[in-house]
Amino acid sequence: FKRRHSKLINSSRLLYQEYSDVVLNKAIQNQKRVDSFSEDIESSFPSSPRLRRKVLSPQDSYLQRLSVSSNASLWQDIPMIRGSRMLLNMSRDEQKLQEAKFELIMSEASYLRSLNVAVDHFQRSSELQAVLTNQERQWLFSRLQDVRDVSASFLFDLEEKFEEDMFTFHVCDVALKHAPEFRRVYLPYVTNQTYQEQTFQRLLNGNAGFQQVLERLESDPVCQRLSLKSFLILPFQRITRLKLLLQNILKRTRPGSEEEVQATQAYDALEKLIKDCNENVQRMKSTEELIYLSQKIEFECKIFPLISQSRRLVKCGELTALDFNTLSPKWKVTTRPIYLHLFNDCLLLSRPKEGGRFVVFDHAAFSDVRGEKCEVKLHGTNKNVFRLFLLQNYQGKRAEFLFRTETQSEKLRWISALAPPRGELDLLECPDAPQVQCIRTYKARENDELALEKADIIMVMQSSTDGWMEGVKLSDRERGWFPSEHVELISSKHARQKNLKEEERVKNAKQQVFCNK
């Protein structure tokens, strides 16, 4: 792909990792301003229709670099736009819409710059190729070059649209046109994620030549002190970010307009792609987990085949079972370790053995399992307890267990995981539910956890006393647990209602577009 030179788009040298960080920090600050009412953009907008620029502080190093290196960090700052009669005649909402569309173009340009470094500096490095086998190269870089080529083509079309009419340009029709290509390259790249991570870690730990070459490559100024790993994960981050950028545009389009229809269709295409990517990754991960477990598990009760294409591990862990001797005058409590493997269709109860092995002594279908808080007050260390009911075990009998966990969050997480499947939550039915905003990225470590990106808004369903929350992300309705230290509370009722209304706007647009087909 031979790229033409664009004075507007290619003037910044900022790589996507830093560009994205700047934009997300800006989104966090915008939410805080609405939350605190100290500078409520909606109520205290200046008389001039131009958007107010934030005064830069010394801490805004990335933002300063972006502004200095590119005169077009905001659409309204482009010389042709700034001070024009067309801009003065635009409403505030129309300006916000154009800024949202321009951000999509600018971010794609920054993303392509990072992909160029990833492909040209790392993947095509003769030094790196010399220390890798063909299979290792395939697992490590997958279809990264195809991802780069699709991004280049996408940006080319975006720039053409922009230069045709800088004042009322469209981008959602371009995104919709490129959606099949996104699917062609992103689905296999993201699906390869597990092999990529395993290969990278294995090479880092056991290939001295790879370590030495990587250190030299990462120290090159072209990387701007960023690691190879930060380049390899960009496609995962970008496809999610692109969906949110389209969602942000959709929220600002005029209801009933052709642009709203295009934004809705493009957003829906990206949402389905991300869902399929996640399902593929989850399916591969689940298959590997089941194969590993099948080698570690033996049954002393009725055996059933563990490996199944539709089965996935929901949660697992060792708990302490409490047994009461009712014949003793003081109700003596004895304890024993029991390991639970909870799948989406069944629950296994095992006795842990040496070498990470398990002996299954009971199991039940997921539909016959219930977890409940224990109302009985116990003394001493027996504080975090819950009851587990097997309404019908493998023998067709009812069984009951009392478990103790180390922390309150562990107890609540087990009760939540054992709950019957929930329908999709209607966010508007929970106007008073607490909301938090992610201020630090969190990578989920267990299957019941929620991965968070900066600026994500989450509705909190419950909290533990030891620093964990269970919540639902407003942007995609994903539910799970996360550490409270990665988020900040949104205290303003006005801000919470605004967040819910925006999500409802997207939902209504999808219903309108796809129900009318």
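What counts, and where the lines are drawn
Residues numbered from 1 in each chain as written. Predicted model: local features only at pLDDT ≥ 70, side-chain atom pairs only at ≥ 80, totals over all residues. Heavy atoms only, no water. Helix = DSSP H or I, 4+ residues; strand = E, 2+ residues; numbered from the N terminus. Buried < 20%, exposed > 50% of the residue type's maximum accessible area, 1.4 Å probe, protein only. Contact = heavy atoms within 4.5 Å. Areas by Shrake-Rupley, 256 points an atom, 1.4 Å probe, with all protein chains shown as cover. Polar contact = N/O pair within 3.5 Å; in protein donor to acceptor, adjacent residues only side chain to side chain. Pairing = 2+ DSSP bridges. Axes fitted to C-alpha atoms, helices over the stretch in contact; angles between N-to-C directions. Parallel < 35°, antiparallel > 145°, perpendicular 65-115°, else oblique. Left-handed = near helix turned anticlockwise from the far one by under 90°. Nonpolar A, V, L, I, M, F, W, Y, C, P; charged D, E, K, R; others polar. Core = buried A, V, L, I, M, F, W, Y, C linked by side-chain atoms within 4.5 Å. Salt bridge = Lys/Arg side-chain N within 4 Å of Asp/Glu carboxyl O. Phe/Tyr/Trp six-rings, centres within 6.5 Å; stacked < 30°, edge-to-face > 60°.

If you look the protein up in an unreviewed UniProt entry, it shows as Rho guanine nucleotide exchange factor 5 from Struthio camelus australis.

A closer look at the overall build of the protein
Within the protein, the secondary structure is distributed over 15 helices and 13 strands. In the protein, which comprises 517 residues, the share counted as buried stands at 50%. Counting contacts in the protein only where the partners sit at least 6 residues apart, residues at least 24 apart contribute 67% of the total. Here the protein displays about 25,800 Å² of accessible surface, and carbon together with sulfur accounts for 50% of that area.

What to know about the side chain of Ser257
Relative to the helices and strands, Ser257 is located in the loop between α12 (234-252) and α13 (258-296). Taking relative accessible area as the criterion, Ser257 reaches 8% and is therefore assigned buried. Here the side chain of Ser257 touches Arg254 through a polar contact of 2.6 Å, landing on its backbone oxygen.

With respect to the environment of Leu402
Note on placement: Leu402 falls in strand β8 (residues 399-404). Assessed through its relative accessible area of 8%, Leu402 is described here as buried. The sequence separation of Leu402 and Leu322 amounts to 80 residues, and the corresponding C-alpha distance is 5.5 Å.

Quick word on the pairing of strand β9 (residues 435-438)
Of the two faces of β9, the one carrying Gln435 and Gln437 and the one carrying Val436 and Cys438 are both buried. Across 3 bridges, the pairing between β9 and strand β10 (residues 457-463) is antiparallel. Residue pairing in the sheet places Val436 in a bridge with Ile458 of β10. Across 4 bridges, the pairing between β9 and strand β13 (residues 487-490) is antiparallel. In the sheet register, Cys438 faces β13, and the bridge partner there is Val487.

A short note on the environment of Cys316
Position of Cys316 relative to the elements: it lies in strand β2 (residues 313-325). With a relative accessible area of 32%, Cys316 lands in the partly exposed category. For the pair Cys316 and Tyr339, spaced 23 residues apart in the sequence, the C-alpha separation amounts to 7.3 Å. When residues no more than four places from it in sequence are discounted, the contact partners of Cys316 are Tyr339, Leu340, His341 and Trp414.

Points about the packing of α12 against α13
Closest axis-to-axis distance for the α12/α13 pair is 9 Å, and the angle between their directions is 155°. By the angle class used here, α12 and α13 are roughly antiparallel. Crossing geometry of α12 relative to α13 is assigned as left-handed. Across from Ile239, Thr240, Leu242, Lys243, Leu246, Gln247 and Leu250 in α12, the residues of α13 making contact are Glu260, Ala263, Thr264, Ala266, Tyr267, Leu270, Glu271, Leu273 and Ile274. For the contact of α12 with α13, a count of residues per class yields 10 nonpolar, 3 polar and 3 charged.

Side note on the nonpolar core
In terms of nonpolar packing, the biggest core is built from 78 residues, with Trp75, Leu104, Phe122, Phe141 and Phe231 touching the most fellow members. Per element, the largest residue contribution to this core is 14 residues, and it comes from helix α4 (residues 92-123). Those residues in contact with Phe141, other than ones at most four positions away along the chain, are Ala118, Phe122, Gln123, Leu128, Leu132, Tyr189, Leu228 and Leu232.

Describing the pattern of salt bridges
All chains considered together, the criterion is met by 35 salt bridges. Here Glu446 and Lys315 are joined by a salt bridge, their closest N and O atoms 3.5 Å apart. You can see Glu446 sitting in the loop between β9 and β10 and its partner Lys315 sitting in strand β2, a full 131 residues away along the chain. We note a salt bridge from Asp448 to Arg413, for which the minimum N-O separation is 2.7 Å. Of this pair, Asp448 sits in the loop between β9 and β10 while Arg413 is found in helix α14 (residues 408-417), placing the two residues 35 residues apart along the sequence. Accessibility classification places Asp448 together with Arg413 in one group, the buried group. The network of salt bridges with common partners includes Lys315, Arg413, Glu446, Asp448 and Glu449.

A closer look at the packing of aromatic side chains
Inspection of the entire model under this criterion finds 14 aromatic pairs. Ring geometry for Phe182 against Tyr186: centres 6.2 Å apart, planes inclined by 70°, an arrangement best described as edge-to-face. Note that Phe182 and Tyr186 are positioned in helix α8 (residues 172-191) at a spacing of 4 residues, about one turn of the helix. By the burial criterion, Phe182 is buried, and Tyr186 matches it. A centroid spacing of 6.4 Å and a plane angle of 80° characterise the contact between Tyr442 and Trp468, whose relative ring orientation is edge-to-face. Highlighted residues: Tyr442 in the loop between β9 and β10 and Trp468 in strand β11 (residues 468-473), separated in sequence by 26 residues.

Looking at the pairing of strand β4 (residues 346-353)
Where strand β3 (residues 332-343) and β4 come together, 4 bridges link them in antiparallel fashion. Along β4, the bridge assignment pairs Leu342 with Leu347. Counting the residues in the hairpin turn of β3 and β4 gives 2 residues. Summarising the sheet, β4 and strand β5 (residues 357-365) pair through 8 bridges and their orientation is antiparallel. Bridge pairing in β5 places Pro352 opposite Phe358. Turn length for the β4-β5 hairpin, with the two strands adjacent in sequence and antiparallel, is 3 residues, and the turn residue Gly355 shows positive phi of about 75°.

Regarding the packing of helix α6 (residues 134-141) against helix α9 (residues 193-206)
Angle between the axes and distance between the axes are the two parameters that describe a pair of packed helices. Contact pair α6 / α9: the axes reach a minimum separation of 7 Å and the direction vectors enclose 125°. By the angle class used here, α6 and α9 are oblique. For the crossing formed where α6 meets α9, the hand is left-handed. Residues Glu136, Trp139 and Leu140 of α6 pack against Tyr195, Gln196, Thr199, Phe200, Arg202 and Leu203 of α9.

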